[in-house]
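Commentary on secondary and tertiary structure
What follows is the residue order along each chain.
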Amino acid sequence: MAKKTQRITLHRRIWCKIRYWQNLNDISDAELASYLQVGERTLHEYDKSAENVTLGRVENLLYVTGMELDELMAM
């Protein structure tokens with residue numbers, strides 16, 4: 001039986017793109033939390049498990065920054 005490869009979930013992929021964007025733009029955790037409308041502690045929970053990142057939170061970020069989803073995912 002072939003070894004099953006572990007794939008990156010869509011939640012994890014989106015969260016990694018958000019963290020990458022944050023790093024590129026020198027955005028603090030406090031500022032990112034504000035964009036997503038969550039607490040800073042929640043960001044660290046997302047780092048452990050991105051399953052709770054909702055589309056609403058991503059939409060908040062996109063709205064505040066004026067970015068489109070395809071721009072975020074192309075990073």
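The present account deals with the structure reproduced in this document. (Residues numbered from 1 in each chain as written. Predicted model: local features only at pLDDT ≥ 70, side-chain atom pairs only at ≥ 80, totals over all residues. Heavy atoms only, no water.)

Before going further, it helps to spend a moment on the overall build of the chain. When helices and strands are tallied, the chain shows five helices and zero strands. Secondary structure of the chain in N-to-C order comes out as α-α-α-α-α. With respect to the three principal axes, the spread of C-alpha positions in the chain is 50 × 25 × 20 Å. Here the chain holds 75 residues, and the buried ones make up 31% of them. A separation threshold of at least 6 residues defines the contact pool for the chain, and within that pool the share at least 24 residues apart is 53%. By element, 50% of the accessible surface of the chain is carried by carbon and sulfur atoms, the whole surface being about 5600 Å². The distance from the centre of the 10 positive side-chain charges to the centre of the 11 negative ones in the chain is 13 Å. (Helix = DSSP H or I, 4+ residues; strand = E, 2+ residues; numbered from the N terminus. Buried < 20%, exposed > 50% of the residue type's maximum accessible area, 1.4 Å probe, protein only. Contact = heavy atoms within 4.5 Å. Areas by Shrake-Rupley, 256 points an atom, 1.4 Å probe, with all protein chains shown as cover. Lys, Arg positive; Asp, Glu negative; His and termini not counted. Charge placed at Lys NZ, Arg CZ, Asp CG, Glu CD.)

The next point concerns a nonpolar patch on the surface. Side chains of Tyr20, Leu24 and Met75 sit close together on the surface and give an oily, nonpolar patch of about 290 Å² of accessible area. Within the secondary structure, tyrosine 20 sits in helix H1 (residues 10-24). Judged by relative accessible area, tyrosine 20 falls into the partly exposed class, the value being 43%. (Patch = residues over 30% accessible without salt bridge, like charges linked within 9 Å, V, L, I, M, F, W, Y side chains within 5 Å. Salt bridge = Lys/Arg side-chain N within 4 Å of Asp/Glu carboxyl O.)

On to the side chain of arginine 19. With respect to the element layout, arginine 19 can be found in helix H1. Polar contacts involving the side chain of arginine 19 include one to the side chain of glutamine 22, which spans 2.7 Å. In this structure the side chain of arginine 19 is engaged in a polar contact, spanning 2.8 Å, whose partner is the side chain of aspartate 29. (Polar contact = N/O pair within 3.5 Å; in protein donor to acceptor, adjacent residues only side chain to side chain.)

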